[in-house]
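This is what each chain is made of:
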Amino acid sequence: MKNNQKALGLTLGIVASICFGLIPLFTLPIMKHGMHTPSILSYRFLLTALFLFILAKIRHISLRVTRKQLRILVLLGLIYTGSAWGLQIGYLYLTSGIATVVHFTYPVYVIILMLLIYKQKPHPVTVVAIVVAFLGVASIGGLFGSSEPISTKGFVIVALTGIAYASYLVIVNKSAVKELGPIPLSFWALLSSSIFFLLISFSSGGLQWVTEPTDWLLLMMLALVCTVIANILTVETIKLVGSTITSVLGAIDPLTAVLVGYFVFDESLDTARGVGIALIVISVLLIALGGRIAYILKVYALRHRHH
């Protein structure tokens, strides 16, 4: 992997995770106004598809796909829907911190899927980075020292969302849709998600109408920043550095959410969360410096062997 390509991939992956982590900034005020999750997600993905369509027209990017690619894109949309919706259901059974920890097990599933299906073994530094990142997210989520019982049902539901998101990353990396640019890929996958969420909305009482002008602004920011930009950059990151490293960079997502909660919503930031933030930063540095670390270890091993 060329250094410039890896540096660009890491940068895009970090920005993508920050964008995903800003979701609470735009979602919580809308929820306080009484809008339910299915309606919020329906608007989010519909607006996302609209933004991507406009962007494709402005930049003269073709949205044409083959039938084979379309089938895969619809599957990606269904997987994305299941992951997002399942995580929301999980919040009914688990605290948001613990749910985040359980969901973040998806880098492990990425490694397992890549190993079982494509016989691709992860680099030892990557494995260490995943462990460190998971410990960081666990610390942020309050998993260590928590006396609250964990719901088995909630755990299973949220664990499945992690498997779903891991599958999404692997399919994007290894299927025929990898040939597509990030805009057509994201457009069709998220348009499919919007249709699935509309069906969920109408089956659970109907789509709620937006009544507050500020809610429209929040929904547009949710779609533009947390979905359009985040997904385009994620697809580019996968192409540049692969799905495993992309999944590790996802640790910045909960880190961003915690910082947003602290600075915007006056949520507490205790020692455990501080340690968690430090561990996530270390994990990202391990990924960024993985090549150099591996080289240093190799040189050390050779010298030790000669002595």
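Here, the structure is the one placed above.
Residues numbered from 1 in each chain as written. Predicted model: local features only at pLDDT ≥ 70, side-chain atom pairs only at ≥ 80, totals over all residues. Heavy atoms only, no water.

**With respect to a nonpolar patch on the surface**
Among the surface-exposed residues, Val108, Ile112, Leu116, Ile117 and Tyr118 lie close enough to one another that they form a single nonpolar patch of about 460 Å² accessible area. As for its position among the elements, Tyr118 is in helix α6 (residues 106–118). (Patch = residues over 30% accessible without salt bridge, like charges linked within 9 Å, V, L, I, M, F, W, Y side chains within 5 Å. Areas by Shrake-Rupley, 256 points an atom, 1.4 Å probe, with all protein chains shown as cover. Salt bridge = Lys/Arg side-chain N within 4 Å of Asp/Glu carboxyl O. Helix = DSSP H or I, 4+ residues; strand = E, 2+ residues; numbered from the N terminus.)

**Looking at helix α7 (residues 124–140)**
Between the first and last C-alpha of α7 there are 24 Å, a value that for 17 residues agrees with the 24 Å anticipated at 1.5 Å per step. Residues of α7 that are buried: Val125, Thr126, Ala129, Ile130, Val132, Ala133, Gly136, Val137, Ala138, Ser139 and Ile140. Immediately downstream of α7, the backbone of Gly142 shows phi near 75°, a positive value. (Expected span 1.5 Å × (residues − 1). Buried < 20%, exposed > 50% of the residue type's maximum accessible area, 1.4 Å probe, protein only.)

**Remarks on the nonpolar core**
Membership of the largest hydrophobic core comes to 86 residues, with the highest contact counts inside it found for Leu76, Tyr168, Leu185 and Leu219. Ranked by the residues each element gives to this core, the list is headed by helix α10 (residues 213–241), at 14 residues. Setting aside chain neighbours within four positions, we find Leu185 in contact with Leu73, Leu76, Tyr168, Val172, Val177, Leu180 and Val235. (Core = buried A, V, L, I, M, F, W, Y, C linked by side-chain atoms within 4.5 Å. Contact = heavy atoms within 4.5 Å.)

**Quick notes on the packing of aromatic side chains**
Given two aromatic rings, their pairing is described by the distance between the two centres and the angle made by the two planes. Enumeration according to the criterion identifies nine aromatic pairs in this entry. Relative to Tyr168, the ring of Tyr165 has its centre 6.1 Å away and its plane inclined at 5°; by these criteria the two rings are stacked. Of the two residues, Tyr165 and Tyr168 both sit in helix α8 (residues 152–174), three residues apart, roughly one turn of that helix. By relative accessible area, which is 15% here, Tyr165 ends up buried. Among the residues examined, Tyr168 registers a relative accessible area of 3% and is labelled buried. (Phe/Tyr/Trp six-rings, centres within 6.5 Å; stacked < 30°, edge-to-face > 60°.)

**With respect to the packing of α7 against helix α13 (residues 271–288)**
Contact pair α7 / α13: the axes reach a minimum separation of 7 Å and the direction vectors enclose 160°. Relative to α13, the element α7 is oriented roughly antiparallel. Read as a crossing pair, α7 and α13 show a hand that is left-handed. Facing α7, whose interface residues are Val125, Thr126, Val128, Ala129, Val132, Ala133, Leu135, Gly136, Val137, Ser139 and Ile140, α13 presents Ala272, Arg273, Val275, Gly276, Ile277, Leu279, Ile280, Ile282, Ser283, Leu286 and Ile287. Looking at the contact of α7 with α13 residue by residue, the classes come out as 16 nonpolar, five polar and one charged. (Axes fitted to C-alpha atoms, helices over the stretch in contact; angles between N-to-C directions. Parallel < 35°, antiparallel > 145°, perpendicular 65-115°, else oblique. Left-handed = near helix turned anticlockwise from the far one by under 90°. Nonpolar A, V, L, I, M, F, W, Y, C, P; charged D, E, K, R; others polar.)

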